[in-house]
Every structure is written in structure tokens, then in C-alpha cells.
Amino acid sequence: MSTNWRELFPTKLTFVIFLLYMSLFIGQGIFVTASQESNNSYGYNTVTVVLLTEVFKLIVSTCLYCRDHNLRSLVRDVHKDRNVLALYMVPAFLYCLYNNLAFVNLATFDPTTYYLLLQLRVVVTGILFQIIFKKYLSQRQWISLILLTLGCMMKQIDFGSFYSDANDDSESAAIQQQHSLNRTAIEKAEVHGKNMSGFDFSLSAVFILAQTICSCLAGVYNEYLLKDKGADVNIFVQNVFMYLDSIVCNAAILLLRGELLDAFSPQNLGSIMRFSVLIIIVNNAAIGIVTSFFLKYMNSILKTFASALELLFTAVLCYFLFSIPIYMNTALAIAVVSYAIYLYTQSPVVNLGKVRPLSNLSDATAKSTDKRKLLDEEAAESDLDMV
């Protein structure tokens, strides 16, 4: 069996987008963890950080649009496609919850455990993908998705307890078990009380499940808007729609918490104007823009596998940066997830919808009329070839 790289990545630029997406998300977990205080809390208002990130995304998307157009044209396009702007309120609200829950969950879990638990979304994404796009997954694709989920579940298994139970009558086993417990206590102290055992029945489990559901619904619905309802809308105009709605959602959260005015006080803004926090804003802004290209020119199924592949790099980086150990269950979980990714590459999902493959950035900003013209020309050429 050969890997279908051409189906996975139609052009070189889509492969670059894939690598960028992975790198930025790896950075997200590491940067957020590095910005935490010794007690895993944040010395800044995290909702304000998410709101400022959306403002920064809006500015960048507007600047990218204005490379080939002007602000008057942007206002005209926003008014013309205001129905699409209203539709973007759904994924904007879901992404708002997802981004804010990311700070909450990264204060509870170490980055590797956090990303492993988020992989529970893959089966839900597969089901939603079939319902919305009417593209049914093959048996091999479903097997790879289920393997990915099982790999994430392995994170919860305590292999050390199995070993000790099998050797209860042995004095050496008891000594080894005590040594293991001592080592575990030291290692857990080094990671400042992070939850490294995986999924448990607590409030943190509710939060991680909520973030997982938000990720699934937002990703698939956003892909639907990019490829169907908003396929003829300039991608940067679509980004403007998303970020305008996201700003409204985050401002509403601050208002409900009674922090809307206090969030922008000199003291709170001063706590944000640090490199460790500003890098989060820049990194997360880049994630938002790259994700829009990812979903428009690839698909949400491949996006879940990109997220799973991040585990390999996150686990290694966290080991060196934060002294977070890699236990046997984590190593096995990563191995199963990696095999699931390999299996998926043998039969990837292809879903371009109404969108042409992306070969350069100018294609992304081409007007819908130009796209239709190109499609008509290609169809005419293919008809001539058949004659």
C-alpha cells in the first residue's frame, strides 16, 4: 500500500499549511503553560487575551484583504454578504468557548494529556462530517478514527498498577512499587500538580468534554461555510466575518462576568503586555488565519489527524522544557495514534466542495467570477481533449 500524498495534499502550499497548523498548535499548549504562575493560575485576564487575539486577527485579515482591494470594497463586500456574516455567529460562539476553555484546561492538564484528551473529538467529527457533507467514510477511514480514539483512551490506563498486582507476593516487587511511587511523587511535584492521569469523572472532565464538542461542531460547520454557503466569498472577508462575531461573543462573556470595563484597565493591560502573553496572542491569531485556509482547501478530518500528530512533538518538547515525564501509557497512546495516522494516509478523505485546489495565495483572494471563469475554461479544455 502506498501513501496517497496527492490526495492528502493536492498542492505544495496545502502541505505548508498543514505543517504551519501543527507547529502553531504545538506552540499554543507550550506558550500557555509557560505563562502560568507557580500554582497553575494566570496573572492576567484570559478572556481579555482571547478578545485581543480576535481583534489582532481582524486587523491582520483586513490588511491582507487590502493588499488587492480597499476598505470601501471591504465594507461593500461585508454588506453584500451580510447573510453569511450572520451564519458565522454559530462557529464564532463555539470557537469563543473553545478558546476560553483552552486556558482553563491547560491549567489543569499538562499539554500532552490535554492534546490526547482532545483527540476524543475525532469520531464525533467523522459523524458530523458525514451528516453535513453527505460524504460517507470508508471502513478503513473509520478504523483509523476508532484507533485514534482508543489510543487516546490508553492514556488513562495505569500500567504500573497491573505490574504490581501481578507481583504482590514478591518482596522485590513491593520494593520496586515503593520506589515507583516515590519517583512518581517527585515527578508530579516537578510538574506542579498537573493532572497527568487522563480522563476522570470531575469538573475538569466536563470542561474537556465541552471543549471537545465545541471543537467538533465549530470545525465542521466552519468548513461547511467556507466550502458551501460562503464558497464564493473572499476568504479574508470570511475571516473578517468570523472575527467580528468572535469579538462580540468575547465581549459578551466579559459583560456577563462584570469585567468588561475592568478588563481594559491599565493594570490588567500591563499584565498582558509581557512577552510570555503577547506571544500567545500572536500565535493564536496565526492559528485562526491558518485554520481558515486549512478547512477551505483541505478538511476537518485531516485537521483532527494534524492535531493528533502534534502529540509526538508536544510530548518531547514538554519533557525538555517543563520536565514533564513520558510514562508508559503516554508512549503507547502516542504509538497507537501514530499508527492510526499512518492507516488514514492510505485512504484519506477528499472534500473540496465548490473550492478549487490552492496552488498559490493569489488563488485564495481571487474573486468568485474569476474562479467560475477558470472552471469554465478547464471544463472546455477537457471537452476538447475528449473529442
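Residues numbered from 1 in each chain as written. Predicted model: local features only at pLDDT ≥ 70, side-chain atom pairs only at ≥ 80, totals over all residues. Heavy atoms only, no water.

## Considering the overall build of the chain
Moving on, step 1. Regarding its fold elements, the chain presents 19 helices and zero strands.
Moving on, step 2. The buried share among the 387 residues of the chain stands at 50%.
Moving on, step 3. Residue pairs at least 24 apart in sequence account for 86% of intrachain contacts in the chain once pairs closer than 6 positions are excluded.
Moving on, step 4. Working note: accessible area of the chain is about 18,500 Å², and carbon and sulfur atoms make up 65% of it. (Helix = DSSP H or I, 4+ residues; strand = E, 2+ residues; numbered from the N terminus. Buried < 20%, exposed > 50% of the residue type's maximum accessible area, 1.4 Å probe, protein only. Contact = heavy atoms within 4.5 Å. Areas by Shrake-Rupley, 256 points an atom, 1.4 Å probe, with all protein chains shown as cover.)

## Observations concerning the packing of aromatic side chains
The description of an aromatic ring pair uses the distance of the two centres, along with the angle that the planes make with each other.
Moving on, step 1. Tallying each qualifying case throughout the model produces six aromatic pairs.
Moving on, step 2. Judged by centre distance (4.8 Å) and plane angle (50 degrees), the ring pair of Tyr21 and Phe25 falls under tilted. Of this pair, Tyr21 and Phe25 both sit in helix α2 (residues 12-34), four residues apart, which is roughly one turn of that helix.
Moving on, step 3. For Tyr21, a relative accessible area of 2% puts it in the buried group.
Moving on, step 4. Members of the aromatic cluster, connected to one another through ring pairs, are Tyr42, Tyr44 and Phe103. (Phe/Tyr/Trp six-rings, centres within 6.5 Å; stacked < 30°, edge-to-face > 60°.)

## As for the packing of helix α3 (residues 46-65) against helix α15 (residues 275-297)
Moving on, step 1. Here α3 crosses α15 at 50 degrees, and the two axes come no closer than 9 Å. Put simply, α3 runs oblique to α15. In the packing of α3 onto α15, the handedness of the crossing is right-handed. Facing α3, whose interface residues are Val49, Leu52, Thr53, Phe56, Lys57, Val60 and Ser61, α15 presents Val277, Ile280, Ile281, Val282, Asn284, Ala285, Gly288 and Ile289. (Axes fitted to C-alpha atoms, helices over the stretch in contact; angles between N-to-C directions. Parallel < 35°, antiparallel > 145°, perpendicular 65-115°, else oblique. Left-handed = near helix turned anticlockwise from the far one by under 90°.)

## Structural notes on the packing of α3 against helix α13 (residues 235-256)
Moving on, step 1. For the pair α3 and α13, interaxial distance at closest approach is 9 Å and the crossing angle is 160 degrees. Comparing their axes, α13 and α3 come out roughly antiparallel. In this structure, α3 meets α13 at a crossing whose hand is left-handed. Together, Val47, Thr48, Val50, Leu51, Glu54, Val55, Lys57, Leu58, Ser61, Thr62, Leu64 and Tyr65 of α3 and Phe236, Val237, Asn239, Val240, Tyr243, Leu244, Ser246, Ile247, Asn250, Ala251, Ile253 and Leu254 of α13 make up the contact between the two elements.
Moving on, step 2. Across the contact of α3 with α13, the residue classes break down as 16 nonpolar, six polar and two charged. (Nonpolar A, V, L, I, M, F, W, Y, C, P; charged D, E, K, R; others polar.)

## Remarks on the side chain of Asn234
Moving on, step 1. Its location among the elements puts Asn234 in the loop between α12 (203-229) and α13.
Moving on, step 2. Residue class for Asn234 comes out buried when judged on its relative accessible area of 10%.
Moving on, step 3. One polar contact links the side chain of Asn234 to the main-chain amide nitrogen of Phe236, over a distance of 2.8 Å. (Polar contact = N/O pair within 3.5 Å; in protein donor to acceptor, adjacent residues only side chain to side chain.)

## Quick notes on empty space enclosed by the protein
Moving on, step 1. Scanning the entire structure with this criterion turns up four cavities of 30 Å³ or more.
Moving on, step 2. Its volume calculated, the largest cavity comes out at about 310 Å³.
Moving on, step 3. Taken together, 25 residues make up the lining of the largest cavity; nearest its centre are Lys57, Tyr95, Ile287, Gly288 and Thr291.
Moving on, step 4. When residues of the lining of the largest cavity are traced back to their parent elements, those giving at least two are α2, α3, α6 (89-106), α12, α13, α15 and α16 (300-322).
Moving on, step 5. Of the residues in the lining of the largest cavity, the class split is nine nonpolar, 12 polar and four charged. (1 Å grid on protein atoms, 1.4 Å probe; cavity = no way out; pocket = protein on both sides within 12 Å on 5 of 7 lines; lining within 4 Å. Points joined across faces, edges and corners; volume = space filled by probe spheres on them.)

## Things to note about the pattern of salt bridges
Moving on, step 1. Applying the stated criterion across every chain yields a total of two salt bridges.
Moving on, step 2. Between Lys57 and Glu54 there is a salt bridge; the shortest N-O distance is 3.3 Å. With Lys57 and Glu54 both in helix α3, this residue pair falls three residues apart, about one helical turn.
Moving on, step 3. On the accessibility criterion, Lys57 (7% relative accessible area) is buried.
Moving on, step 4. By relative accessible area, which is 3% here, Glu54 ends up buried.
Moving on, step 5. Put simply, Arg257 and Glu259 hold a salt bridge, and the shortest N to O gap is 3.4 Å.
Moving on, step 6. You can call Glu259 partly exposed: its relative accessible area is 21%. (Salt bridge = Lys/Arg side-chain N within 4 Å of Asp/Glu carboxyl O.)

## Concerning the environment of Ser276
Moving on, step 1. Position of Ser276 among the secondary structure elements: in helix α15.
Moving on, step 2. Its relative accessible area of 25% is what places Ser276 among the partly exposed residues.

## Digging into a nonpolar patch on the surface
Moving on, step 1. Together, Val316, Tyr319, Phe320 and Ile326 make up an exposed nonpolar region whose accessible area comes to about 410 Å².
Moving on, step 2. On the basis of relative accessible area, Ile326 is assigned to the partly exposed category, the value being 39%. (Patch = residues over 30% accessible without salt bridge, like charges linked within 9 Å, V, L, I, M, F, W, Y side chains within 5 Å.)

## Regarding the state of the cysteines
Moving on, step 1. Within the structure shown, the criterion is met by zero disulfides.
Moving on, step 2. Distance from the sulfur of Cys66, which forms no disulfide, to the nearest cysteine sulfur (Cys63) is 6.7 Å.
Moving on, step 3. Free cysteine: Cys216, not disulfide-bonded; nearest cysteine sulfur from Cys214 at 9.3 Å.
Moving on, step 4. The exposure class assigned to Cys216 is buried, which follows from its relative accessible area of 1%. (Disulfide = S-S within 2.5 Å.)

No statement about biological role is implied by the geometric values presented.
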